[in-house]
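Survey of secondary and tertiary structure
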Amino acid sequence: MASDPLAGRVALVTGASGGIGAAVARGLAAAGASVALGYARDATRADDLARELAAGGTRVLTAGADLADRAAALGLVTDVERELGPVDILVPNAGVGQIRERIDDVSDADWDHHLAVNLTAPFVLARRIAPGMQERGFGRILFISSVAAFTGGVVGAHYAASKAGLHGLTHWLASRLASDGVTVNALAPALIERTGMLPGATDDLRKRIPVGRLGTPDEVADMALAVLRNGYLTNQVFGLDGGMHPR
Ligand code: NAP
């Protein structure tokens, strides 16, 4: 059997202390990549995951940084490069989504914080890491968006706009980096349970999903790994939403 194309690569997954990030990090470790686990406040979950992955033989690093702070985001990359080497696979997955029902419930602080974590940090990380990927002729960037970028969603205007910005970033970057062996895509899930954003399901929520249940972090990770393995797949935004939003 051919070896996994992700084996021996260095991956940075932000938000790895959360539900989806942890599942993606496990998938990358199983593929044989070295994995840097980004976190903000939950060092315990990041450390527990690091111990689990290291026990399976993965080179792993936990890297705490508040990604609302650009300097901290850049420092995170420097730490990863020093400990694990240049980043081949970037999954800017960290995100925030505080529910605001009405447009005038979204304060300036809400707007700035959601844009900073959900859009500016992925941009800053990609801008810092992509040139090295181009030089080495290999790279994978997978942004974690949301169905809200297509539908508006239920979190609020600040969240939907921050995620929609990732789609424009995907298309611009993908078209410029493709010829250097760097793929850029976005995955737009909806209603993924066992995450900090959505710990569980209510009947009301299930009724809104054609499949009749919430998605799982492992289902997001399965799709993320398929996208990351495929060097001919770029410039795409994939929905993963139980049929909520056909495209
Ligand atoms: P989660 O369990 O709450 O994870 C969120 C992660 O983001 C945590 O690891 C958290 O770190 C990190 N984070 C938050 N603010 C940060 C900051 N300022 N700096 C650095 N890291 C920060 O939720 P999740 O569902 O796994 O979310 C992962 C991604 O999926 C997000 O981008 C989210 O928008 C997207 N998404 C989720 C769903 C869903 O239904 N769950 C649907 C669509 C899209 P700490 O815990 O260490 O603070």
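In this report, the structure presented in the accompanying data block is examined. (Residues numbered from 1 in each chain as written. Predicted model: local features only at pLDDT ≥ 70, side-chain atom pairs only at ≥ 80, totals over all residues. Heavy atoms only, no water.)

**Regarding the pattern of salt bridges**
Tallied over the full model, the rule gives 12 salt bridges. A salt bridge links Asp203 to Arg206, with the nearest nitrogen and oxygen atoms 2.7 Å apart. On the criterion of helical spacing, the pair formed by Asp203 and Arg206 is a turn pair, its members being 3 residues apart in helix H7 (residues 203-207). Each of Asp79, Arg82 and Glu83 takes part in a single network of salt bridges with overlapping partners. (Salt bridge = Lys/Arg side-chain N within 4 Å of Asp/Glu carboxyl O. Helix = DSSP H or I, 4+ residues; strand = E, 2+ residues; numbered from the N terminus.)

**Observations regarding the site of the ligand**
Near the ligand there are 30 residues, and of these Ser17, Asn93, Tyr159, Ile192 and Gly196 occur at the shortest range. A distance of 2.8 Å separates a nitrogen atom of the ligand from a polar backbone atom of Leu67. At 2.7 Å from an oxygen atom of the ligand is found a main-chain nitrogen or oxygen belonging to Asn93. When the ligand sits alone it has 890 Å² of accessible area, and the protein chains cover 92% of it. (Near = heavy atom within 4 Å. Polar contact = N/O pair within 3.5 Å; in protein donor to acceptor, adjacent residues only side chain to side chain. Areas by Shrake-Rupley, 256 points an atom, 1.4 Å probe, with all protein chains shown as cover.)

**What to know about the environment of Pro199**
Along the chain, Pro199 falls in the loop between strand E6 (182-189) and H7. The exposure class assigned to Pro199 is exposed, which follows from its relative accessible area of 63%. With 180 residues separating them along the chain, Pro199 and Gly19 place their C-alpha atoms 9.1 Å apart. (Buried < 20%, exposed > 50% of the residue type's maximum accessible area, 1.4 Å probe, protein only.)

**Observations concerning the packing of aromatic side chains**
Following the criterion strictly, the structure yields 0 aromatic pairs and no others. The positively charged end of Arg9 is found above the aromatic ring belonging to Phe138, 3.5 Å away from the centroid. (Phe/Tyr/Trp six-rings, centres within 6.5 Å; stacked < 30°, edge-to-face > 60°. Lys NZ or Arg CZ within 6 Å of the ring centre and 35° of its normal.)

**Digging into the side chain of Asp110**
For Asp110, the position within the fold is in helix H4 (residues 108-136). In this structure, Asp110 is in contact with Gln98, Arg100, Asp105 and His158, ignoring residues within four places of it in sequence. (Contact = heavy atoms within 4.5 Å.)

**So, the nonpolar core**
By size, the foremost hydrophobic cluster in this structure holds 36 residues, and its most contacted members are Leu12, Val80, Leu90, Ile141, Phe143 and Val184. For this core, the secondary-structure elements that each account for two or more residues are strand E1 (10-13), strand E3 (60-64), helix H3 (70-84), H4, strand E5 (139-144), helix H6 (157-177) and E6. It is H4 that contributes the most residues to this core, 9 residues altogether. Residues in contact with Leu12, not counting those within four places in the same chain, are Ala36, Leu76, Val77, Val80, Val87, Ile89, Leu90, Val91 and Ile129. Listed in part, the 31 residues of the second largest apolar core include Ala50, Leu53, Leu187 and Ala221. (Core = buried A, V, L, I, M, F, W, Y, C linked by side-chain atoms within 4.5 Å.)

**Here's the deal with unusual backbone geometry**
Phi is positive for Leu191, close to 50°, though the residue is something other than glycine. One non-glycine residue with positive phi stands out, namely Arg194, at about 55°. Mapped onto the elements of the fold, Arg194 is located in the loop between E6 and H7. Residue classification places Arg194 among the exposed residues on the basis of a relative accessible area of 52%.

**Brief notes about the pairing of E6**
When you tally the buried positions in E6, you get 8 out of 8 residues, the bulk of the element. Both faces of E6 are covered, namely the face carrying Val182, Val184, Ala186 and Ala188 and the face carrying Thr183, Asn185, Leu187 and Pro189. Relative to E6, E5 runs parallel, the two sharing 6 bridges. Residue pairing across strands places Gly139 opposite Val182, the latter belonging to E6. (Pairing = 2+ DSSP bridges.)

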